[in-house]
Amino acid sequence: MRTETGPVIRLEDYRPSDYLIDTTGLHFTLHPTASKVRAVLAVRRREGVASGAPLVLSGDDLALDALRVDGEAWPDEHHTATPDALTIRNLPDARTFVIEIETILDPSANKQLMGLYRSSDTYCTQCEAEGFRRITYYLDRPDILSVFTVRMEARVEDAPLLLSNGNRIESGLLDNGWHYAVWHDPFPKPSYLFALVAGNLGVVKDSFTTMSGRQVALEIYVEHGKEPRAGYAMDALKRSMRWDEEVFGREYDLDIFMIVAVSDFNMGAMENKGLNIFNDKYVLADARTATDADYANIEAIIAHEYFHNWTGNRITCRDWFQLCLKEGLTVFRDHEFSADQRSRTVKRISEVKLLKAHQFPEDAGPLAHPVRPRRYTEINNFYTATVYEKGSEVVRMIRTILGVEQFRKGLDLYFERHDGDAATIEDFLRAFEDASGMDLGQFSLWYEQPGTPNLIVASEYDAQAQRFTLRVDQKLKPPVEGAPHAPMHIPVKFGLVGEASVDLTWSAVSGADISEDVIHLREPRHEIVFYGIAERPVASLLRGFSAPVTVFPEPDDDALTFLARNDPDEYARWQALASLVTRQIKNAVAIGMPVSGPVLGRTACEVLMEIADADGYEPAYRALCLTLPGENDVAREIGDDIDPEVVHAIHRAASRQLGAHGETLFARLYHGLAPNSAYSPDAESAGRRSLRNIALSYLCHARAEIDLAAEAFAAADNMTDRAHALGLLAHLAPTNQATLDALDSFRTEFRDDPIVMDKWLMIQATAPGATTLETVRKLTAEPAFSWDNPNRIRSLIGAFATGNPTGFNRADGEGYRFLCEAIARIDANNPQVSARLLTAMRSWRNLESGRREQARAAMAALAERKNLSRDLKDILERTLA
Ligand code: PHE
Ligand code: ZN
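Keep in mind that what you see is a predicted model, and the values were worked out from it rather than measured.

Q: Now, about the overall build of the protein chain: what can you tell me, with residues and values included?
A: Scanning the protein chain from N- to C-terminus turns up 27 helices and 33 strands. Compactness check: the protein chain gives a C-alpha radius of gyration of 28 Å against a globular reference of 29 Å for 881 residues, within 12% of the reference. A principal-axis box enclosing the C-alpha atoms of the protein chain has dimensions of 90 × 65 × 60 Å. Relative to its 881 residues, the protein chain shows a buried fraction of 50%.

What follows is the structure, given as structure tokens:
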């Protein structure tokens with residue numbers, strides 16, 4: 001494992017490689033502890049490079065077994081091999097030559113889950129970002145595109161299935177119970193997109209006819225017996241393929257597309273060319289085991305990885321600084337897909353909630369970085385909400401600025417120009433500029449400047465002159481000292497809402513560039529004057545969350561109430577309501593009110609009830625409106641000196657208050673929405689379930705009893721209702737006998753199904769209160785938990801640290817010490833997972849002073865330990881800096 005602190009890699013130091021690899025042959029002889037790899041590389045010296053230039057190939061934890069150049073064993077004095085590099089000198093003068101490298105790997109000992117490893121006896125690989133160098137020495141960088149041919153040999157008994165990228169061109173039996181298969185991928189690709197899977201798995205098959213009439217075989221591989229749970233993933237895949245043709249004109253390019261679900265995986269899934277590898281929780285679903293949220297995630301991630309075939313694979317990244325080129329764009333595409341498959345407003349609201357919950361705190365804390373970072377020591381630590389989610393928002397803003405048509409033209413030009421390239425953000429932006437004639441120079445700062453811009457607004461209405469003035473200052477508080485903060489191009493979608501719930505029109509406007517419903521802010525300050533405004537309007541700003549910014553001050557309570565009721569834009573109504581409720585909870589925390597008093601104002605409660613009762617709205621929208629901001633959201637809005645206990649107490653009081661206020665209505669909703677047909681995962685049915693379940697939550701809060709939840713748990717015929725009821729039981733009455741019984745029966749039913757038991761772990765880990773830490777400790781000894789599996793770790797320890805504000809932030813600091821000890825233990829095996837777990841502490845400086853000191857001390861103690869991984873050290877140092 002890499003424990004030394006790595007060098008700083010800088011964007012400005014990029015230079016093309018001296019050598020290229022035109023073709024890559026890989027020969028695997030698979031063995032559980034001693035797999036042999038022979039790489040045959042057709043290397044070419046780039047034009048203009050001196051013939052004596054040494055060839056430096058990257059490795060990670062490798063040992064060289066043999067090296068040949070053009071068929072000759074290469075003398076020791078002409079090369080140097082270390083675990084992380086192979087330097088070859090005195091290469092032939094000819095511009096092209098063949099290098100053969102042999103390495104031997106122990107996939108069973110590979111606990112980092114990078115490179116070649118085993119997951120429940122299946123051989124599989126993970127190469128992004130720099131895992132390929134754990135398989136063989138290579139020019140392991142995304143701008144080296146090579147045509148791969150892969151031959152695998154294995155014992156038929158161990159691995160009847162042999163898969164790699166592209167098309168299977170040969171297979172057959174060998175002596176002694178062995179067999180082989182050869183796969184060829186005609187599309188040149190960087191090494192991070194290489195994949196291999198060998199094992200004994202079940203398969204679900206289907207096919208897809210592309211827009212030009214080609215037949216594509218679709219295969220999803222899962223553990224034997226789980227085939228029936230892959231049906232939804234297959235359906236989502238076919239819908240993704242069709243959608244990408246219809247909406248972006250992108251057709252699939254190979255004759256086969258495969259997905260393999262594995263149970264040990266560091267991330268969600270991986271877009272390897274033609275052979276996506278998935279964390280099994282994002283493939284497997286049925287009514288009994290998966291929630292509506294699971295189904296939605298599966299749909300989104302299947303789409304995401306499939307969409308990468310064009311945005312990531314056909315056009316890849318020049319270097320890892322350009323990660324958002326593929327990730328931001330692909331997240332944008334999967335968001336649009338889900339919006340089209342489900343409800344657009346509901347999807348947008350969920351995206352914004354997630355962005356604010358994950359990306360805003362990242363951008364406001366010690367781990368802040370630009371959407372395109374300029375330096376890193378460990379690239380694994382840059383698969384972040386900023387690169388992915390804010391990266392997607394930046395693409396969305398380009399569409400807002402250009403309009404749907406010009407945006408599509410720009411994207412078409414990008415595909416046309418750069419197909420087969422390793423491209424940059426500059427290439428991407430240029431395609432939009434050239435297609436639209438627009439200048440995106442100032443806009444490009446969104447890729448360069450970290451931090452969330454703040455819009456400071458003030459307005460004034462002059463009835464006599466019929467003039468409405470809106471003043472907007474943009475302030476970018478640099479989260480990182482010395483970071484640039486020049487004014488940005490911020491598209492603000494808006495409307496001026498009049499009494500009659502319509503957007504007012506104006507006769508003229510000055511002070512900013514306005515196209516249709518978008519104000520283009522470009523200056524530090526704009527004074528925008530609208531003429532011919534016949535009545536005092538309420539400005540509805542940032543509709544659809546048109547830019548990832550904050551607005552200050554938000555409108556006063558009356559204006560927010562007005563917007564929540566009257567804004568013609570449905571998203572904006574939710575936004576107004578959410579702002580209103582959040583502010584009232586926040587104010588109650590600030591005055592430290594007694595928790596028996598009302599937290600929410602009468603009017604806010606009334607607006608909430610109107611929406612809860614409005615059959616004109618989709619149930620999913622009503623459920624979102626009724627969901628109070630989470631305790632972490634409230635804490636984020638408060639900003640600093642946070643006492644999670646107080647936030648929790650006020651939050652509970654608000655739930656009780658609202659429950660009591662709407663008890664009759666909630667009872668009517670709960671009973672009225674009872675299912676009258678078999679479970680279906682479609683968005684509409686899911687919406688009804690979410691409204692019904694939130695009604696149930698309020699009833700339990702109002703009545704301070706859990707009988708109804710216990711009944712719902714027993715009656716549930718699907719995991720959505722069941723997990724929701726179990727959550728209520730465990731969070732409202734953790735020691736009640738009914739809760740213990742329910743937890744027990746859940747375990748009995750699902751003990752052999754790890755991804756379902758993850759819910760059991762997570763529900764218990766997020767039960768509020770100081771004693772949960774003891775529960776979590778005990779759960780680490782349960783068979784349902786394993787220190788080796790990333791999903792188990794995230795469900796128990798990750799959920800505790802990020803989803804249990806009172807339990808984790810115990811005033812005595814035990815929560816922090818527990819997390820840091822767990823991290824040290826995990827780090828010895830899996831640095832990617834340990835480093836990511838530590839990001840749970842990124843907002844430690846916002847806590848009240850006692851907890852702040854406890855958190856600092858726990859991290860400082862962790863930093864004292866020897867042999868921490870490079871990944872973890874990087875996060876630790878930045879968090880403490
Ligand atoms: N590229 C993957 C995705 O976003 C994420 C990933 C990164 C997976 C690194 C594994 C390792 O689709
Ligand atoms: Zn991705």
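Q: Now, about the pairing of strand 27 (residues 490-497): what can you tell me, with residues and values included?
A: A large share of strand 27 lies buried, amounting to 8 of its 8 residues. On strand 27, burial covers both faces: Ile490, Val492, Phe494 and Leu496 on one face and Pro491, Lys493, Gly495 and Val497 on the other are all buried. Taken together, the 4 bridges between strand 27 and strand 30 (residues 518-521) define a ladder with antiparallel strand orientation. Across the sheet, the residue bridging to Pro491 is His520, located in strand 30.

Q: Quick one: what's the story with helix 9 (residues 557-566), residue by residue and with numbers?
A: Taken residue by residue, helix 9 has Leu560, Thr561, Leu563 and Ala564 as its buried positions. Relative to the axis of helix 9, the buried residues are bounded by an arc of 165° and lie together on one face. Elements in contact with the buried residues of helix 9: strand 27, strand 32 (538-541), helix 10 (570-591) and helix 11 (602-612).

Q: Which residues make up the environment of Pro487, and what values go with them?
A: Secondary-structure assignment places Pro487 in the loop between strand 26 (467-475) and strand 27. Using a count of 17 C-beta atoms within 10 Å as the deciding quantity, one classes Pro487 as partly exposed. In this structure the C-alpha to C-alpha distance between Pro487 and Glu523, which are 36 residues apart in sequence, comes to 6.0 Å. Not counting the four nearest positions on each side in its chain, Pro487 is found in contact with Gln474, Arg522, Glu523 and Pro524.

Q: Tell me about the nonpolar core, and please be specific about residues and values.
A: Core analysis: the largest hydrophobic core is formed by 248 residues, its most contacted members being Val260, Val283 and Leu729. Looking at this core element by element, the count peaks at 11 residues for helix 10. Val260 has contacts with Cys124, Leu163, Val197, Tyr221, Leu275, Ile277 and Phe278, leaving out every residue within four places of it along the chain.

Q: Quick rundown of the confidence of the model for the protein chain? Include the residues and the values.
A: Overall, the prediction assigns the protein chain a mean pLDDT of 97, with 99% of residues at 70 or greater. Our summary of model confidence lists the complex with pTM equal to 0.98 and ipTM equal to 0.99.

Q: Tell me about unusual backbone geometry, and please be specific about residues and values.
A: Note the cis peptide between Glu128 and Ala129, where omega equals -5°. Phi at Asp70 is positive, roughly 45°, even though this residue is not glycine. Counting through the fold element by element, Asp70 comes out in the loop between strand 5 (64-69) and strand 6 (72-73). The class for Asp70 is partly exposed, based on 13 C-beta atoms found within 10 Å. Here Asn176, not a glycine, exhibits a phi torsion of approximately 55°, which is positive. Secondary-structure assignment places Asn176 in the loop between strand 14 (167-173) and strand 15 (178-189). You can call Asn176 exposed: it has 7 C-beta atoms within 10 Å.

Q: Could you give an account of the domain arrangement of the protein chain, with specific residues and numbers?
A: Frequently, the measure chosen for interface size is the accessible area removed from exposure when the parts meet. We note that the domain assignment places domain 1 (9-200), domain 2 (315-544), domain 3 (553-704) and domain 4 (751-881) within the protein chain. Taking only C-alpha atoms into account, the centre of domain 2 sits 34 Å from that of domain 4. Between domain 2 and domain 4, the residue contacts involve 9 residues of the former and 12 residues of the latter. Along the lines of polarity and charge, the residues of the side of domain 2 that touches domain 4 split into 3 nonpolar, 4 polar and 2 charged.

Q: Describe the UniProt feature "domain: Peptidase M1 alanyl aminopeptidase C-terminal" (unreviewed entry) in the protein chain, and please don't skip the residues or the numbers.
A: Under the UniProt annotation, the feature "domain: Peptidase M1 alanyl aminopeptidase C-terminal" (unreviewed entry) is placed at residues 557-881. From the first C-alpha to the last, residues 557-881 spans 39 Å; its make-up is 71% helix and 0% strand.

Q: How would you explain the site of ligand 1 if you had to name every residue and give the values?
A: All residues in the neighbourhood of ligand 1 are listed as Gln126, Glu128, Asn266, Met267, Ala269, Met270, Glu271, His304, Glu305, His308, Glu327 and Tyr383. Those elements that provide at least two residues to the shell around ligand 1 are strand 20 (269-270) and helix 2 (292-307). Of the residues in the shell around ligand 1, the class split is 4 nonpolar, 4 polar and 4 charged.

Q: Let's hear about the sheet that holds strand 26: which residues, and what values?
A: Here we have 5 strands laid out as an open sheet, ordered 28-31-26-25-33, and mixed in their pairing. Edge positions in the sheet fall to strand 28 (508-510) and strand 33 (550-552), since each of these pairs with one other strand and no more. Between one strand and the next, the sheet's axes are offset by a mean angle of 20°, whatever the strand orientation. Note that strand 26 and strand 31 (residues 525-531) share 7 bridges and pair antiparallel. When the sheet's bridge partners are listed, Arg467 is paired in strand 31 with Tyr531.

Q: With reference to specific residues and values, describe the environment of Val497.
A: Of note, Val497 is situated in strand 27. With 65 residues separating them along the chain, Val497 and Phe562 place their C-alpha atoms 9.2 Å apart. Discounting chain neighbours no more than four positions away, the residues touching Val497 are Asp503, Pro537, Val538, Ser540, Leu563, Asn566, Asp567 and Pro568.

Q: Go over the sheet that holds strand 20 with me, naming the residues and quoting the values.
A: Taking strand neighbours across the sheet as the criterion, the 5 strands line up as 17-18-19-21-20 in an open arrangement whose pairing is mixed. Each edge of the sheet is formed by a strand with only one pairing partner; in this case those strands are strand 17 (202-209) and strand 20. Both strand 18 (residues 215-222) and strand 19 (residues 256-262) contribute to a ladder of 5 bridges, which runs parallel. The residue of strand 19 that forms the bridge with Leu218 is Phe257.

Q: Quick rundown of helix 17 (residues 707-715)? Include the residues and the values.
A: All of the buried residues in helix 17 are Ala709, Ala710, Ala712 and Phe713. One face of helix 17 carries all of its buried residues, which in axial projection span an arc of 160°. Opposite the buried face of helix 17, by more than 90 degrees, sit the exposed residues Asp707 and Ala715.

Q: Any chance you could break down the packing of helix 11 against helix 12 (residues 619-626) for me, citing the residues and the numbers?
A: Put simply, helix 11 and helix 12 touch, their axes get as near as 9 Å, and they point 160° apart. In terms of orientation, helix 11 and helix 12 fall into the roughly antiparallel class. Note that helix 11 runs across helix 12; the crossing there is left-handed. Touching Leu608, Ile611 and Ala612 of helix 11 are Arg622, Cys625 and Leu626, all from helix 12. Split by residue class, the contact of helix 11 with helix 12 holds 5 nonpolar, no polar and 1 charged.

Cut-off values and rules
Residues numbered from 1 in each chain as written. Chains lettered and ligands numbered in written order. Predicted model: local features only at pLDDT ≥ 70, side-chain atom pairs only at ≥ 80, totals over all residues. Helix = DSSP H or I, 4+ residues; strand = E, 2+ residues; numbered from the N terminus. Rg over C-alpha atoms; globule rule 2.2 N^0.38 Å. Buried ≥ 20, exposed ≤ 12 C-beta atoms within 10 Å, placed from the backbone. Pairing = 2+ DSSP bridges. Arc of directions from axis to C-beta. Contact = placed C-beta atoms within 7 Å. Core = buried A, V, L, I, M, F, W, Y, C linked by C-beta atoms within 7 Å. pLDDT = per-residue confidence, 0-100. Domains from an automatic or database assignment. Nonpolar A, V, L, I, M, F, W, Y, C, P; charged D, E, K, R; others polar. UniProt positions renumbered as here; feature names shortened; annotations may be inferred. Near = placed C-beta within 6 Å. Axes fitted to C-alpha atoms, helices over the stretch in contact; angles between N-to-C directions. Parallel < 35°, antiparallel > 145°, perpendicular 65-115°, else oblique. Left-handed = near helix turned anticlockwise from the far one by under 90°.

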